[in-house]
Amino acid sequence: MPLLEVNKLSISFMQYTKGSRQEPVNVIEELDFAIHEGEIVALVGASGSGKSLLAHAIMGILPPNVVMSGSISYGGAPLDEARLRRYRGKEIAFVPQSVSYLNPLMRVGKQLRTREDGLEQHIERKSLFERFHLGKHVERLFPFQLSGGMARKVLVSTAALGRSRLIIADEPTPGMHPGDVEEALKQFKQLAEGGCAVLLITHDIEAAVRIADKVAVFYAGMSVELAPASDFAGNGERLRHPYSQALWRALPQNGFVPLPGSQPARSLGQQGCHFVDRCPSAGEQCGTMRPEPRSIRGGIVRCIHAT
Ligand SMILES: Nc1ncnc2c1ncn2[C@@H]1O[C@H](COP(=O)(O)OP(=O)(O)OP(=O)(O)O)[C@@H](O)[C@H]1O
Ligand code: SF4
Ligand SMILES: [Mg+2]
């Protein structure tokens, strides 16, 4: 049984169109997603494709003007407000994309301490600080006194120090020194080896492929492919979706092949495949038929022509 399961999750925002007229704008559509204990699932995709919103939906911190449908379950039961309050920051840890989530009025050390703080936690904290090259004095600093990279290391430390069963890390490494990025990835790997489920949202596809078991690819609010990380290899020929292949081939080490066009803005009731305007394999039905998720070669894909 998955530790976390998201079924048919749709999220839309009400947006003003003409004058005082409001229309819902879909930002996540019918998203299915699951993660098991001990597993690292990386979430990659274009900017604005809905990755952070998925994380916020799981954590129950979406803004009030959203309309959400579908279900999120944790440990086999619905993740309702009462259970979220019990688990958030404890069993379920979140490394937010924005460092502004650190409490600006609290010294770093205090933010890293848990209620169960004892000798074991103190030793762990010290070792983590050493591995991240954070001096002892950092504990006495306020968040505004940290650089972007330092703040991220502190955020990763808060998640790593808890006794979490699920960690959702939203872009945890930008701004970090390459050595610290390696340390953060190693940390997530070790936590997963200890049974923790890790959802790693990242733009660093190369890092994702290196540490994740599976990679989910997002495009325009949809998970277009879920593939074993090992499928991201060679020329991307094992990948099932044209967008996953384009993302992989756009990396400098894989040919630097640009993908023309940009991700479309979405509105309710849009027909067909979201990738149709940029897809080199688009056929006749692609503009009118919405691809449903299909299991192919050990992965899941939303493309009517994938084989
Ligand atoms: N409060 C909001 N009101 C209206 N639209 C929003 C709001 N928050 C996010 N969006 C829209 O939802 C979409 C998904 O945003 P999200 O932050 O999840 O993207 P992302 O995939 O995390 O991007 P990035 O890789 O840049 O972090 C975007 O089109 C964004 O404009
Ligand atoms: S459904 Fe059609 S347009 Fe969409 S990814 Fe597949 S081939 Fe391309
Ligand atoms: Mg984001």
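Residues numbered from 1 in each chain as written. Chains lettered and ligands numbered in written order. Predicted model: local features only at pLDDT ≥ 70, side-chain atom pairs only at ≥ 80, totals over all residues. Heavy atoms only, no water.

Here we take up the pattern of salt bridges. Counted by the stated rule, this structure contains 22 salt bridges. With a shortest N-O distance of 3.7 Å, lysine 8 and aspartate 32 are connected by a salt bridge. Taken together, the positions of lysine 8 in strand S1 (residues 4–16) and aspartate 32 in strand S2 (residues 22–35) put the pair 24 residues apart, joining distant regions of the chain. You can call lysine 8 partly exposed: its relative accessible area is 42%. With a shortest N-O distance of 3.8 Å, glutamate 81 and arginine 85 are connected by a salt bridge. Here glutamate 81 pairs with arginine 85, and both are found in helix H2 (residues 81–87), just 4 residues apart, close to one helical turn. One connected set of salt bridges, linked through shared partners, spans Arg113, Arg125, Lys136 and Glu139. (Salt bridge = Lys/Arg side-chain N within 4 Å of Asp/Glu carboxyl O. Helix = DSSP H or I, 4+ residues; strand = E, 2+ residues; numbered from the N terminus. Buried < 20%, exposed > 50% of the residue type's maximum accessible area, 1.4 Å probe, protein only.)

Let us now look at the coordination of the magnesium ion (ligand 3). Here the magnesium ion (ligand 3) is held by the protein donor atoms Ser52 (OG) and Gln97 (OE1), which lie 2.0 to 2.2 Å from it. One end of the pair, serine 52, is in helix H1 (residues 51–59); the other, glutamine 97, is in the loop between strand S6 (92–95) and helix H3 (108–112), and 45 residues separate them in sequence. (Donors = N, O, S within 2.8 Å, 3.2 Å for Na, K, Ca; no water.)

Quick look at the site of ligand 1 now. Among the 13 residues in the neighbourhood of ligand 1, the closest are listed as Ser47, Gly48, Lys51, Ser52 and His203. One of the backbone nitrogen or oxygen atoms of glycine 50 is found 3.0 Å away from an oxygen atom of ligand 1. Here an oxygen atom of ligand 1 and a backbone polar atom of leucine 53 are 2.9 Å apart. Summarising the interface, the protein chains cover 65% of the accessible area of ligand 1, which totals 640 Å² for the free molecule. (Near = heavy atom within 4 Å. Polar contact = N/O pair within 3.5 Å; in protein donor to acceptor, adjacent residues only side chain to side chain. Areas by Shrake-Rupley, 256 points an atom, 1.4 Å probe, with all protein chains shown as cover.)

When S1 meets S2, the two strands line up antiparallel, connected through 10 bridges. Looking at S2, one finds that leucine 4 is bridged to isoleucine 35. Hairpin connection of S1 to S2: 5 residues between the antiparallel strands, including glycine 19 at a positive phi of 55°. (Pairing = 2+ DSSP bridges.)

Moving on to helix H5 (residues 148–161). Look at H5: 20 Å from first C-alpha to last across 14 residues, which is about the 20 Å you get at 1.5 Å a residue. Taken across its 14 residues, H5 has 11 buried, putting it largely inside the fold. Residues of H5 that are buried: Gly149, Ala151, Arg152, Lys153, Val154, Leu155, Val156, Ser157, Ala159, Ala160 and Leu161. Buried-residue contacts for H5 involve S6, H3, helix H4 (119–131), strand S7 (166–170) and helix H6 (178–193). (Expected span 1.5 Å × (residues − 1). Contact = heavy atoms within 4.5 Å.)

What follows is about the environment of leucine 161. Along the chain, leucine 161 turns up in helix H5. When the C-alpha positions of leucine 161 and alanine 250 are compared, they lie 36 Å apart, and in sequence the two are 89 residues distant. Here leucine 161 is in contact with Leu112, Gln121, Glu124, Arg125 and Leu128, once residues within four sequence places are set aside.

The next point concerns the pairing of S1. Both S1 and strand S4 (residues 66–74) contribute to a ladder of 8 bridges, which runs antiparallel. Residue pairing for S4: isoleucine 11 is matched across the bridge by methionine 68.

Take the site of ligand 2 next. The environment of ligand 2 is made up of 13 residues, and the closest members are Cys273, Cys279, Cys286, Cys303 and Ile304. Class assignment of the residues belonging to the shell around ligand 2 gives a composition of 10 nonpolar, 3 polar and no charged. (Nonpolar A, V, L, I, M, F, W, Y, C, P; charged D, E, K, R; others polar.)

In this section: unusual backbone geometry. Residue lysine 8 is not a glycine yet carries a positive backbone phi of 45°. In the Ramachandran plot, arginine 297 falls in the positive-phi region, its phi being about 45° despite a non-glycine side chain. We classify arginine 297 as partly exposed; its relative accessible area is 45%.

With that out of the way, let us pick up the nonpolar core. Judged by nonpolar contacts, the single largest core of 58 residues is most densely connected at Phe188 and Phe232. The element that contributes the greatest number of residues to this core is H5, accounting for 7 residues. With residues near it in sequence (within four places) discarded, phenylalanine 232 still touches Ile205, Val209, Val215, Val217, Ala227, Leu239 and Trp248. Listed in part, the 35 residues of the second largest apolar core include Phe33, Leu62, Tyr87 and Leu166. (Core = buried A, V, L, I, M, F, W, Y, C linked by side-chain atoms within 4.5 Å.)

At a minimum axis separation of 11 Å, H4 and H5 run at an interaxial angle of 145°. Where H4 crosses over H5, the handedness of that crossing is right-handed. Between H4 and H5, the residues in contact are Gln121, Glu124, Arg125 and Leu128 and Ser157, Ala160 and Leu161, respectively. (Axes fitted to C-alpha atoms, helices over the stretch in contact; angles between N-to-C directions. Left-handed = near helix turned anticlockwise from the far one by under 90°.)

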